[in-house]
There are 2 protein chains.
Amino acid sequence: MGDRTDWSAMRDRRMAESGAAEAYDAARLAFELGRAVRELRERRGWSQSQLAQASGMTQSAVARFEAGGTVPTLPVLERLAAALDVSLNVSFKPRDAAA
Amino acid sequence: MGDRTDWSAMRDRRMAESGAAEAYDAARLAFELGRAVRELRERRGWSQSQLAQASGMTQSAVARFEAGGTVPTLPVLERLAAALDVSLNVSFKPRDAAA
DNA sequence: CAGTGGTATAGCATTGTTGCTATGCCCTGG
DNA sequence: CCAGGGCATAGCAACAATGCTATACCACTG
């Protein structure tokens with residue numbers, strides 16, 4: 001994967017400023033959520049523009065999100081989930097037990 | 001529930017401006033996450049100040065979060081989860097199937 | 001080769017969350 | 001009665017995500 005963008009630098013800066021681990025996890029979570037949305041979108045055969053319209057965003061915002069360019073906010077995740085007809089799950093899980 | 005705060009008005013404004021449903025869901029999610037954190041914190045017998053220190057926040061930020069005063073960001077949720085020794089789970093779930 | 005659709009980036013204004021400090025209320029213990 | 005701990009709010013500065021417009025690149029097609 002080439003470093004065609006400037007975002008990696010932005011993330012690195014964030015990591016250096018705070019405690020690294022937490023910011024790093026957030027960036028990784030952003031990346032994985034982006035990939036998940038991209039998969040769901042492509043599975044439906046939608047273009048970024050279509051998803052954007054369905055979720056009240058613009059194509060550029062969708063592209064930025066799918067690339068993991070920023071850590072998404074919960075309102076945005078909810079709108080994407082609604083548009084893709086899936087449910088968003090945000091919860092805390094004990095580390096030592098299931099569920 | 002008493003309306004001792006000003007936050008309900010803020011949420012109402014957000015709901016009125018956008019599409020209502022999405023913003024409403026985000027506010028409810030914020031509220032439930034706040035309650036979850038409060039439970040985990042009290043279960044550990046921690047004060048807001050202790051949790052704040054453990055998660056790199058201030059007591060006021062913890063109070064605001066537990067009250068559902070703002071929709072938390074993922075970095076904050078990660079830090080709280082780490083401090084409370086639980087794992088944060090953010091994912092999309094199909095509406096028609098399990099897992 | 002021009003035209004079109006899909007995607008990636010850039011730049012900027014707006015908006016909202018967080019960080020921080022200070023303060024007020026309630027309750028309990030001395 | 002007064003002091004202190006715990007929690008709720010306020011106000012403001014700083015920062016980061018979103019909204020939006022415009023543009024560039026690529027693949028495909030007429």
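Note that the structure is predicted; figures quoted are calculated from it, not measured. (Residues numbered from 1 in each chain as written. Chains lettered and ligands numbered in written order. Predicted model: local features only at pLDDT ≥ 70, side-chain atom pairs only at ≥ 80, totals over all residues. Heavy atoms only, no water.)

Enquirer: Whenever I open this one, the packing of aromatic side chains confuses me. Can you help?
Expert: Geometrically, a pair of aromatic rings is defined through the distance of the ring centres and the angle of the planes. Inspection of every chain in the model, using the stated rule, returns zero aromatic pairs over all chains. Here the guanidinium or amino end of Arg44(A) rests over the ring plane of Trp46(A), the centre of that ring lying 5.5 Å away. (Phe/Tyr/Trp six-rings, centres within 6.5 Å; stacked < 30°, edge-to-face > 60°. Lys NZ or Arg CZ within 6 Å of the ring centre and 35° of its normal.)

Enquirer: Is there a simple way to think about the interface of chain A and chain B in this case?
Expert: Much of the literature gives interface size as the accessible area that the parts lose upon coming together. The interface is formed by 27 residues belonging to chain A together with 27 residues belonging to chain B. Between chain A and chain B, the buried area comes to about 2,800 Å², and carbon and sulfur atoms account for 68% of it. In terms of surface lost to chain B, no three residues of chain A exceed Leu74(A), Phe92(A) and Arg95(A), which account for 26% of the buried area on that side. Put simply, chain A and chain B have two salt bridges between them. Across the salt bridge formed by Arg95(B) and Asp85(A), the nearest N and O atoms sit 2.9 Å from each other. Summed over the shared surface of chain A and chain B, the result is nine residue pairs in polar contact (both at pLDDT 80 or more). Among the secondary structure elements, those contributing two or more residues to the side of chain A that touches chain B are helix 2 (21-44), helix 5 (74-83) and strand 1 (86-94) of chain A. (Contact = heavy atoms within 4.5 Å. Buried area = accessible area lost by both parts, 1.4 Å probe. Salt bridge = Lys/Arg side-chain N within 4 Å of Asp/Glu carboxyl O. Polar contact = N/O pair within 3.5 Å; in protein donor to acceptor, adjacent residues only side chain to side chain. Helix = DSSP H or I, 4+ residues; strand = E, 2+ residues; numbered from the N terminus.)

Enquirer: How do you make sense of the nonpolar core when you look at a structure like this?
Expert: Most often, soluble globular proteins have nonpolar side chains that are buried together. Leu77(A), Val90(A), Leu77(B), Val90(B) and Phe92(B) are the most contacted members of the largest nonpolar core, which has 41 residues in total. Setting aside chain neighbours within four positions, we find Leu77(B) in contact with Leu74(A), Val90(A), Phe92(A), Leu33(B), Phe65(B), Pro72(B) and Leu88(B). (Core = buried A, V, L, I, M, F, W, Y, C linked by side-chain atoms within 4.5 Å. Buried < 20%, exposed > 50% of the residue type's maximum accessible area, 1.4 Å probe, protein only.)

Enquirer: It is not clear to me how the UniProt feature "domain: HTH cro/C1-type" (unreviewed entry) in chain A should be interpreted in this structure. Could you clarify?
Expert: Residues given the UniProt feature "domain: HTH cro/C1-type" (unreviewed entry) here are residues 37-91 of chain A. Between the first and last C-alpha atoms of residues 37-91 of chain A the distance is 19 Å; the span itself is 60% helix and 11% strand. (UniProt positions renumbered as here; feature names shortened; annotations may be inferred.)

Enquirer: What am I meant to see in helix 5 (residues 74-83) of chain B here?
Expert: An α-helix turns once per 3.6 residues; consequently, residues spaced three or four apart project the same way. Residue and element names in this part refer to chain B. The buried count for helix 5 comes to seven of ten residues, which makes it a mostly enclosed element. Among the residues of helix 5, Leu 74, Val 76, Leu 77, Glu 78, Leu 80, Ala 81 and Ala 83 are the ones counted as buried. Once helix 5 finishes, Asp 85 follows within two positions and takes phi at roughly 60 degrees, a positive value.

Enquirer: Hey, could you run me through the relation of the copies chain A and chain B in this one?
Expert: Both copies of the chain are placed relative to one another by a rotation about an axis and a shift along it. Mapping chain A onto chain B calls for a rotation angle of 180 degrees and an axial translation of 0.0 Å; the resulting RMSD is 0.0 Å. The superposition of one copy onto the other is thereby described by a two-fold rotation axis. Distance from the rotation axis, computed per C-alpha, reaches its smallest value in chain A at Val90(A): 2.3 Å. An overlap of 100% is found between the interface residues of chain A and their copies at the interface of chain B, pointing to a shared contact surface. (Least-squares fit on C-alpha atoms with pLDDT ≥ 70 in both.)

Enquirer: Just to check I follow, could you spell out unusual backbone geometry for this structure?
Expert: The backbone phi angle of Asp85(A) is positive, close to 60 degrees, even though this residue is not glycine. Structurally, Asp85(A) is set in the loop between helix 5 and strand 1.

Enquirer: Looking at this structure, how should I read the environment of Leu51(B)?
Expert: All names here are of chain B. Secondary-structure assignment places Leu 51 in helix 3 (residues 48-54). Overall, the relative accessible area of 0% leaves Leu 51 in the buried class. As a C-alpha pair, Leu 51 and Arg 38 span 13 residues in sequence and 9.9 Å in three-dimensional space. Apart from the residues within four sequence positions on either side, Leu 51 is in contact with Val 37, Arg 41, Trp 46, Val 62, Glu 66, Leu 80, Ala 83 and Leu 84.

Enquirer: How should the pattern of salt bridges be read in this particular structure?
Expert: Residue and element names in this part refer to chain A. Counted by the stated rule, this structure contains ten salt bridges over all chains. Residues Asp 25 and Arg 28 are paired through a salt bridge, measuring 3.3 Å at the closest nitrogen-oxygen approach. With Asp 25 and Arg 28 both in helix 2 and three residues apart, the pair spans about one turn of that helix. On the basis of relative accessible area, Asp 25 is assigned to the partly exposed category, the value being 27%. Glu 39 is paired through a salt bridge with Arg 43; the nearest N and O atoms lie 3.7 Å apart.

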